[in-house]
Each structure stands twice: as structure tokens, then as C-alpha cells.
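Report on the structure
Letter by letter, the chains look like this.
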Amino acid sequence: MSSRRQLLCLLPACLLPAFLLPAGARATPAGAEQAAAFIRRTGADLTAIVEASGSAALRRARLAGLIDRVVAVDFLARFCLGRFWHLASPQQQATYVRLFHAVLLDNIVSHIGTGRRLRNPSFNVAIGRTHADGAEIEVLTTVERTGSPELIVVWLVRQTPDGPRIVDLRELGVSVRVTVHDDIAAYLARHDDSIPQLLLAMRRMVSAAQAPAAP
């Protein structure tokens, strides 16, 4: 699996107005400290979920709750659909966002350890430097996982009306949100820009990920 695909597991252009800061607003040093603390808490919460005992279903539910609290899922979903967002009906938009959330959760459940794939899973996020880039703050981290090489991951955090939220991940300069945006655009280009076809493919992905594992 390529490093950019690994990033998709952690864990997805038009921007949702609710997540835009006022024109000219920039991140501050205090905001950078807040972002670092936010990622530190997120890493600790993720570690606790991965390493805790309990059923796979319980861990999945806990991961879903964490994603809802720390990731700007609606923002990422709309960003990744790009110009096609305005070609979708309101019902299609709602379905797409719901499926995007499910695909994101399934990737995390599948790859960072839920008790199904790792006997003694461990996960750790070590915080490094921070850097303000306009309205977003980059938080450099080292991610260590059982059975996998460590990753140097940059988390992009944006202040929203609901508090800080993760809006992107980067590794070796590769942006997850841009990669997913490009992958979706390429898929739609191969399927006559069909939103229904995209939704069908996403439904199949979710169904396949949630199918019972073979004995």
C-alpha cells in the first residue's frame, strides 16, 4: 500500500461557508498552541480506543464518535466532490455525505486496528512542530502503529464555529483531501459524470467493508 493510501486510513473544490474564517483572518500563535493541544488530545483518544479491550463493534462505535468530534467530515466530503457538488440534488448530496462518513470510518476501522487484524494493537501520536499557514495550522506528528513503519504526518487544523477540527492530512507533501478529490473526479470522468454511479460505488464499498469476515 502506498504512503498516501496509508494516510487515507487515518483518519477524504468548494468549501462549506460554515468552516470559512472571515476574510483576511489568519491563525495566531495562540491558535497554533490550541491546535497542537487538540491533536495531542485526539491522538490520546485514538490510542485509548485502539488499545482498549472490547468488541470490534464497540471500538467502531467509539471511533465513529471520535471522528464526529474531531474531523470536519461535511467540509471534507464537499471539498472532495468539488464542482460536482452543485450537480447533485439535495437528496444526492445528503446521501453522498452519509456514505463519505461511512467510507472514512470503515477505512479507519480496517487499517489502524480494531481487534480483528491485530492481536495486541498499539498506536501512538507524538507531537512535533506547528506552523500557521493562513487560516489553517499544520501540526507535525510521528504516528507509530503495531506492525507498520512509523509515519511522519502533518495534520491541518482549522478553527470552526464548533472549535478546532481536522481538515486534512499530509505526508511527504501529499494532501489526503486533494488526493481523494482527484480520485473522485477521475472516477466520475470514467462514468459520464454520473452522481448515481458514484453513490452506487460508495454503497458497494461500505457493504464490502462491513461484510462478515471469512472464517
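Residues numbered from 1 in each chain as written. Predicted model: local features only at pLDDT ≥ 70, side-chain atom pairs only at ≥ 80, totals over all residues. Heavy atoms only, no water.

1. Digging into helix 4 (residues 73-81)
An α-helix turns once per 3.6 residues; consequently, residues spaced three or four apart project the same way. Of all nine residues in helix 4, eight are buried; the element is thus mostly enclosed. Of the positions making up helix 4, those classed as buried are Val73, Phe75, Leu76, Ala77, Arg78, Phe79, Cys80 and Leu81. (Buried < 20%, exposed > 50% of the residue type's maximum accessible area, 1.4 Å probe, protein only. Helix = DSSP H or I, 4+ residues; strand = E, 2+ residues; numbered from the N terminus.)

2. Thoughts on the packing of aromatic side chains
Inspection of every chain in the model, using the stated rule, returns three aromatic pairs. Plain terms: the ring middles of phenylalanine 75 and phenylalanine 79 are 6.4 Å apart, the flat faces sit at 20 degrees to each other, and that makes the pair stacked. Note that phenylalanine 75 and phenylalanine 79 are positioned in helix 4 at a spacing of four residues, about one turn of the helix. Of the two residues, phenylalanine 75 and phenylalanine 79, both sit in the buried class. Both rings, one in tryptophan 85 and one in tyrosine 96, keep their centres 6.4 Å apart while their planes meet at 70 degrees; by these two values the pair is edge-to-face. Remark: tyrosine 96 occurs in helix 5 (residues 90-111) and tryptophan 85 occurs in the loop between helix 4 and helix 5; sequence separation between them is eleven residues. For the pair tryptophan 85 and tyrosine 96, one class covers both residues: buried. Aromatic ring contacts, followed pair by pair, group Trp85, Tyr96 and Phe100 into a single cluster. The ring of phenylalanine 79 is capped by arginine 177, whose NZ or CZ atom sits 5.3 Å from the centre of that ring. (Phe/Tyr/Trp six-rings, centres within 6.5 Å; stacked < 30°, edge-to-face > 60°. Lys NZ or Arg CZ within 6 Å of the ring centre and 35° of its normal.)

3. Quick notes on the environment of glycine 128
Of note, glycine 128 is situated in strand 1 (residues 123-133). Residue classification places glycine 128 among the partly exposed residues on the basis of a relative accessible area of 37%. Residues glycine 128 and isoleucine 152 lie 24 residues apart in sequence; the distance between their C-alpha atoms is 9.7 Å.

4. So, the pairing of strand 2 (residues 136-145)
Counting buried residues along strand 2, eight of its ten residues qualify, which places the element largely inside the surrounding structure. With nine bridges connecting them, strand 2 and strand 3 (residues 148-160) associate as antiparallel partners. Bridging across to strand 3, threonine 141 finds its partner in valine 153. Between strand 2 and strand 3, which pair antiparallel one after the other, the connecting turn spans two residues, and glycine 147 there sits at a positive phi close to 75 degrees. (Pairing = 2+ DSSP bridges.)

5. Observations regarding the packing of helix 4 against helix 6 (residues 176-190)
The relative placement of two packed helices comes down to the angle between their axes together with the axis-to-axis distance. The interhelical angle for the contact between helix 4 and helix 6, taken along N-to-C directions, is 45 degrees, at an axis separation of 7 Å. Judged by the inter-axis angle, helix 4 sits oblique to helix 6. The two elements helix 4 and helix 6 cross, and the hand of that crossing is right-handed. Of the residues in helix 6, those in contact with Phe75, Leu76, Phe79, Cys80 and Leu81 of helix 4 are Arg177, Val178, Val180, His181, Ile184 and Leu188. Among the residues making up the contact of helix 4 with helix 6, the classes are represented as nine nonpolar, one polar and one charged. (Axes fitted to C-alpha atoms, helices over the stretch in contact; angles between N-to-C directions. Parallel < 35°, antiparallel > 145°, perpendicular 65-115°, else oblique. Left-handed = near helix turned anticlockwise from the far one by under 90°. Contact = heavy atoms within 4.5 Å. Nonpolar A, V, L, I, M, F, W, Y, C, P; charged D, E, K, R; others polar.)

Nothing here speaks to function; it is geometry throughout.
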